[in-house]
Amino acid sequence: MSTAVERAAPAAAPRATLPGLFGPLNPPFAGYQGRRVWVIGASYGIGAAIARELISRGAKVALSARKRDLLDELAATSTHALVAPLDVTDHASLQKAAEQIGQHWGGVDLVLIVAGTHTEMRAQDFNLAAARKLLEVNLHGVLNCVDVAMPLMRRAGPGAGIAIVSSVAGYVGLPRSLIYGASKAALINFTESLYGDLRPEGYGVYLVSPGFVDTPLTQKNEFKMPALLPAAEAARITLDEIAAGCFESHYPKRFTLGLKLLRILPHRFQLWAVRKITGQ
Ligand SMILES: NC(=O)c1ccc[n+]([C@@H]2O[C@H](COP(=O)([O-])OP(=O)(O)OC[C@H]3O[C@@H](n4cnc5c(N)ncnc54)[C@H](OP(=O)(O)O)[C@@H]3O)[C@@H](O)[C@H]2O)c1
């Protein structure tokens, strides 16, 4: 765990000017050129696409996940890439990676926590061991990441930030999403609270809520996925919306806006609409 000294916010830290009701909720990121960005979950899928896009935009990237060979391949496409393998469920491996990155760069301007997994589950096939395993990666794994990322973000100073990838599956309870949806709903709430704590200190906190994106994770799905996006497009939107200072990057809008509407409906209508739309 990081030490109390590392965790402590500077006692006399000036409070940043808080955003008003309109305008960007986060400090805008003035381009990625030369910025130090740590992508956790970068070996394939959305994280790898984000890392590729960051490299093409001139960022320095630190690439983390378990599959080192894939990280090495990606790192070979940049002269400014670090490879820091880790397992998000293993706090010691995260701490080692954070130390390595800290030694190379000092601080980190943006940490993107993308790592996650998916297991379909319904009440009828409820499996406690599988549920706990999923939460260990999708929820506890993210907390492990935040624990080691915050000191690096603080070392970079105000204007730096943390982005957490959740999912639209966290907006409302969906069929086959018994535990995955719960893990992502927890991340949404966690990220909102994190924003409330860190934004007054001048740090950025970003929530990323993808709809369906074409990756190894969704290639297992046997149903037709509405508004499926290529991973490269998801990466571009994520980075553009973070750069614009949005709190939440969600996409594609033609899909996510409908789900947002569903989220605010009274339960009587919401639960009926979910049944109708999903046919389950
Ligand atoms: N694809 C979608 O439609 C979609 C929609 C909404 C939200 N999301 C979310 O977006 C994120 C990425 O999804 P994806 O579709 O790109 O998934 P993916 O194709 O399965 O990629 C998952 C990434 O996470 C890493 N990872 C998984 N477990 C890990 C662990 N224990 N420690 C370290 N890294 C780990 C994987 O690397 P290693 O195997 O090398 O460790 C890989 O880089 C996830 O959080 C997912 O829930 C995806």
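Structural data are supplied above this passage.
What comes next concerns the included structure.

Scoring rules and cut-offs
Residues numbered from 1 in each chain as written. Predicted model: local features only at pLDDT ≥ 70, side-chain atom pairs only at ≥ 80, totals over all residues. Heavy atoms only, no water. Helix = DSSP H or I, 4+ residues; strand = E, 2+ residues; numbered from the N terminus. Contact = heavy atoms within 4.5 Å. Buried < 20%, exposed > 50% of the residue type's maximum accessible area, 1.4 Å probe, protein only. Pairing = 2+ DSSP bridges. Right-handed = clockwise from strand over helix to strand, strands pointing away. Expected span 1.5 Å × (residues − 1). Salt bridge = Lys/Arg side-chain N within 4 Å of Asp/Glu carboxyl O. Axes fitted to C-alpha atoms, helices over the stretch in contact; angles between N-to-C directions. Left-handed = near helix turned anticlockwise from the far one by under 90°.

1. So, the side chain of histidine 118
Examined against the element boundaries, histidine 118 turns out to sit in the loop between strand S4 (110-113) and helix H5 (128-156). In this view, histidine 118 contacts Leu134, Tyr180, Leu217 and Lys220; residues no more than four positions away in its chain are not counted.

2. Considerations on the pairing of strand S6 (residues 204-210)
Across a regular strand the side chains alternate sides, sitting on one face of the sheet and then on the other. Among the seven residues that make up S6, seven are buried, leaving the element largely enclosed by the rest of the structure. Here S6 shows a buried face lined by Gly204, Tyr206, Val208 and Pro210 and a second buried face lined by Val205, Leu207 and Ser209. Where strand S5 (residues 161-165) lies against S6, five bridges are found, and the strand directions are parallel. If you follow alanine 163 over to S6, its bridge partner there is tyrosine 206. This β-α-β element, S5 to helix H6 (residues 180-198) to S6, shows right-handed connectivity. Both S6 and strand S9 (residues 248-251) contribute to a ladder of four bridges, which runs parallel. Considered in S9, the bridge of serine 209 is made with histidine 250.

3. With respect to helix H4 (residues 91-105)
Between its first and last C-alpha atoms H4 spans 21 Å; for 15 residues at 1.5 Å apiece the expected length is 21 Å, and the two agree. For H4, the set of buried residues is His91, Ser93, Leu94, Ala97, Ala98, Ile101, Gly102 and Trp105. Phi turns positive one or two residues past the end of H4, at glycine 106, with a value near 80°.

4. Brief notes about the pattern of salt bridges
For the structure shown, the criterion picks out eight salt bridges. A salt bridge links arginine 57 to glutamate 53; the shortest N-O distance between them is 2.9 Å. Residue classification places arginine 57 among the partly exposed residues on the basis of a relative accessible area of 22%. Here aspartate 72 ties to arginine 68 by a salt bridge, and the two come within 3.3 Å at their closest N and O atoms. With a gap of four residues between them, aspartate 72 and arginine 68 both fall in helix H3 (residues 68-75), about one helical turn apart.

5. Some thoughts on the packing of helix H2 (residues 45-56) against helix H7 (residues 231-243)
One way to put it is that H2 packs onto H7 with a least axis distance of 8 Å and a crossing angle of 60°. Viewed along their axes, H2 and H7 form a crossing whose handedness is right-handed. Taking contact as the criterion, the partners of Gly45, Ala49, Ile50, Glu53 and Leu54 in H2 are, on H7, Ala231, Ala232, Ala235, Arg236, Thr238 and Leu239.

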